[in-house]
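Commentary on secondary and tertiary structure
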Amino acid sequence: MTAHGPSGDGANILRQPRAVWAVAFACVIAFMGIGLVDPILPSIAADLNATPTETELLFTSYLLVTGAMMFFTSWVSSRIGARWTLLVGLALIVVFATLAGFSGSVEAIIGFRAGWGLGNALFISTALATIVGAASGGSGAAIILYEAALGVGIAIGPLLGGLLGNVSWRGPFFGTAALMAIGLIAILVLLPKDADAAHRPAPAKLSAPFRALAIPALAVLAVVALLYNIGFFVLLAYTPFPLGFDAIGLGLTFCAWGISLAVTSVWVAPILTARMRRTTVLATVLPLLALDLVFAGVFVANPAVLVACVIVGGLLLGIMNTVLTESVMEATELPRSVASSAYSGVRFLGAAVAPPLATLLAEVGSAGLPYLVGAVSLVLSALVVVVFRTRLGRIDGGAPPDVVEAEAIGLGDAA
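Residues numbered from 1 in each chain as written. Predicted model: local features only at pLDDT ≥ 70, side-chain atom pairs only at ≥ 80, totals over all residues. Heavy atoms only, no water.

1. Section: the overall build of the protein
Helices and strands together make up the secondary structure of the protein, namely 18 helices and zero strands. The burial tally for the protein puts 59% of its 415 residues in the buried class. Restricting the contact set of the protein to residue pairs at least 6 apart, pairs at least 24 apart contribute 88%. Surface summary for the protein: the accessible area is close to 14800 Å², and the carbon and sulfur share equals 71%. (Helix = DSSP H or I, 4+ residues; strand = E, 2+ residues; numbered from the N terminus. Buried < 20%, exposed > 50% of the residue type's maximum accessible area, 1.4 Å probe, protein only. Contact = heavy atoms within 4.5 Å. Areas by Shrake-Rupley, 256 points an atom, 1.4 Å probe, with all protein chains shown as cover.)

Listed below in structure tokens is the structure:
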């Protein structure tokens, strides 16, 4: 650990209890759902006579419900326990992914993706708190493990989607349902039934995540993440349309993107945070990511350049994801589940806006315009970090502990 915050001890990352590996494995599968539909968007649009904007709503319904329900996951998990919250979330994903595979219209898939988002919200927010609470090696090692699961899931998701989608666009949905069922069984078997008895926090109130956003550090990070996720999902959700590849081509492209994200989240981000303040890393990487989107917008008609921008974007996104997640976990003295619920709720709402916004901008402007708007959002995110840097002293190791503790106590009293 450095003065700038924990970056994790690489020697301890792999030395984890079986329960942590079970949750991490399920995380991999859950995160596959984010990029799973990327390679099959054009196929769904063609087979179901849907417009690009309608198909982008597959992202929006999923992310909007995920974001909205994130605010309530700490209330649920503090009452039924992390184990049951994880199991219910996974079961919902299995059911709605299966129903999406049987759907006969794009409207039905949009609706079932919303149900999928409900399960996703229960699972993802609880999984992060569970891994951080149960992992050995400190929160830094746990967060790196979580981000590694995210990277692997995002890498495998498009590849699986491309391979199965090359046969039928229904295949990826059925494949995810089967894998999620395996993840559910893994948690059922490997996560101890008495794990909640020893670690379950006091029941959280429904208002706790909303009141958490009154803490300046968490509010600033939530706004940073909201703006950042607009750029993130412009790159992820919109790019399949201007690329014009088939399902396998798109799957391979976004598999490379996910691998790049995983590599930098696990290895590069800890190196940077060991040498620089977290706010410095954020204020540096966000403009670089904006520049990458500018290149994508300018050279949108050149598939080779666009693929390169996607992969470079993955490298930068991996750093951002790890550093932002570490920052949220260290920003306050709040229970991690409450902090995660509040922050994740806001950032997923930003992600929900980006996909249909991108296709609408392409329709009224040009194919490159969505990337340029995404770049502006990323620049604004960087400006928020710079302007409110003094509010983020704790994540840099410089916040007076008594001030942050007083904020947390005040929040607890108000809740």
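From this point on, the discussion continues.
2. Remarks on the packing of aromatic side chains
Applying the stated criterion across every chain, the model contains 13 aromatic pairs. With 4.8 Å between their ring centres and 15° between their planes, F71 and F210 make a pair best called stacked. Taken together, the residues F71 in helix α4 (residues 52-80) and F210 in helix α10 (residues 208-212) connect sequence positions 139 residues apart. By relative accessible area, which is 9% here, F71 ends up buried. (Phe/Tyr/Trp six-rings, centres within 6.5 Å; stacked < 30°, edge-to-face > 60°.)

3. Some thoughts on helix α2 (residues 18-35)
Look at α2: 27 Å from first C-alpha to last across 18 residues, which is about the 26 Å you get at 1.5 Å a residue. α2 sits mainly inside the fold: 15 of its 18 residues count as buried. (Expected span 1.5 Å × (residues − 1).)

4. Section: the environment of L221
Inspection of the secondary structure assignment puts L221 in helix α11 (residues 216-238). On the basis of relative accessible area, L221 is assigned to the buried category, the value being 0%. The spatial distance from the C-alpha of L221 to the C-alpha of L392 is 8.3 Å, given a sequence separation of 171 residues. Not counting residues up to four positions away in its chain, the partners in contact with L221 are L324, S327, V328, A331, Y343, L392 and I395.

5. Quick word on the packing of helix α6 (residues 106-134) against helix α8 (residues 171-190)
For the pair α6 and α8, the least separation of the axes is 14 Å and the interaxial angle reads 20°. Considering their axes alone, α6 and α8 lie roughly parallel with respect to each other. Handedness of the α6/α8 crossing: left-handed. Contacts between α6 and α8 involve I109, R113, W116 and F123 from the first element and F173, T176 and I187 from the second. (Axes fitted to C-alpha atoms, helices over the stretch in contact; angles between N-to-C directions. Parallel < 35°, antiparallel > 145°, perpendicular 65-115°, else oblique. Left-handed = near helix turned anticlockwise from the far one by under 90°.)

6. Concerning the nonpolar core
Among the nonpolar cores identified, the biggest contains 124 residues, and F123, F173 and W257 are the most heavily contacted of them. The greatest single-element share of this core, amounting to 16 residues, is contributed by α11. Once residues within four sequence positions are removed from consideration, W257 is found in contact with I154, F232, L235, L236, V310, G313, G314 and L317. (Core = buried A, V, L, I, M, F, W, Y, C linked by side-chain atoms within 4.5 Å.)

7. Considerations on the pattern of salt bridges
For the coordinates displayed, the defined rule picks out two salt bridges. Across the pair R278 and E326 runs a salt bridge, and its minimum N-O distance is 3.2 Å. Taken as a pair, R278 in helix α14 (residues 278-298) and E326 in helix α15 (residues 303-331) lie far apart in primary sequence, 48 residues in all. Judged by its relative accessible area of 2%, E326 falls in the buried class. (Salt bridge = Lys/Arg side-chain N within 4 Å of Asp/Glu carboxyl O.)

8. So, the packing of α4 against helix α5 (residues 82-101)
Here α4 crosses α5 at 120°, and the two axes come no closer than 6 Å. For the element pair α4 / α5, the angle class is oblique. Taken together, the residues of α5 that come into contact with α4 (itself represented by V76, S77 and I80) are A82, W84 and T85. In terms of residue class, the contact of α4 with α5 is built from four nonpolar, two polar and no charged. (Nonpolar A, V, L, I, M, F, W, Y, C, P; charged D, E, K, R; others polar.)

9. What to know about the environment of A362
Counting through the fold element by element, A362 comes out in helix α16 (residues 336-364). You can call A362 partly exposed: its relative accessible area is 22%. When the C-alpha atoms of A362 and P242 are compared, they prove to be 9.6 Å apart, with 120 residues separating the residues in sequence. Beyond its immediate chain neighbours, meaning those up to four positions away, A362 contacts Y238, A367 and P370.

10. So, unusual backbone geometry
Unlike most non-glycine residues, N49 shows phi in positive territory, near 55°. Tracing the chain through its elements places N49 in the loop between α3 (41-47) and α4.

11. Re the side chain of E56
One can find E56 in helix α4. Lacking a salt bridge, the buried E56 has R113 as its closest oppositely charged neighbour, with an N-O distance of 9.2 Å. Apart from the residues lying within four places of it in its own chain, the contact partners of E56 are L41, A237, Y238, F241, P355, P356 and T359. (Lys, Arg positive; Asp, Glu negative; His and termini not counted.)

12. A short note on the confidence of the model for the protein
Residues with a pLDDT of 70 or more make up 88% of the protein, whose mean pLDDT is 84. Across residues 1-11, where pLDDT falls below 50, the model places 29 contacts with residues more than four positions away in sequence or in other chains. Low pLDDT (under 50) marks residues 398-415, which in the prediction has 22 contacts with non-local residues, meaning those over four places away or in another chain. (pLDDT = per-residue confidence, 0-100.)

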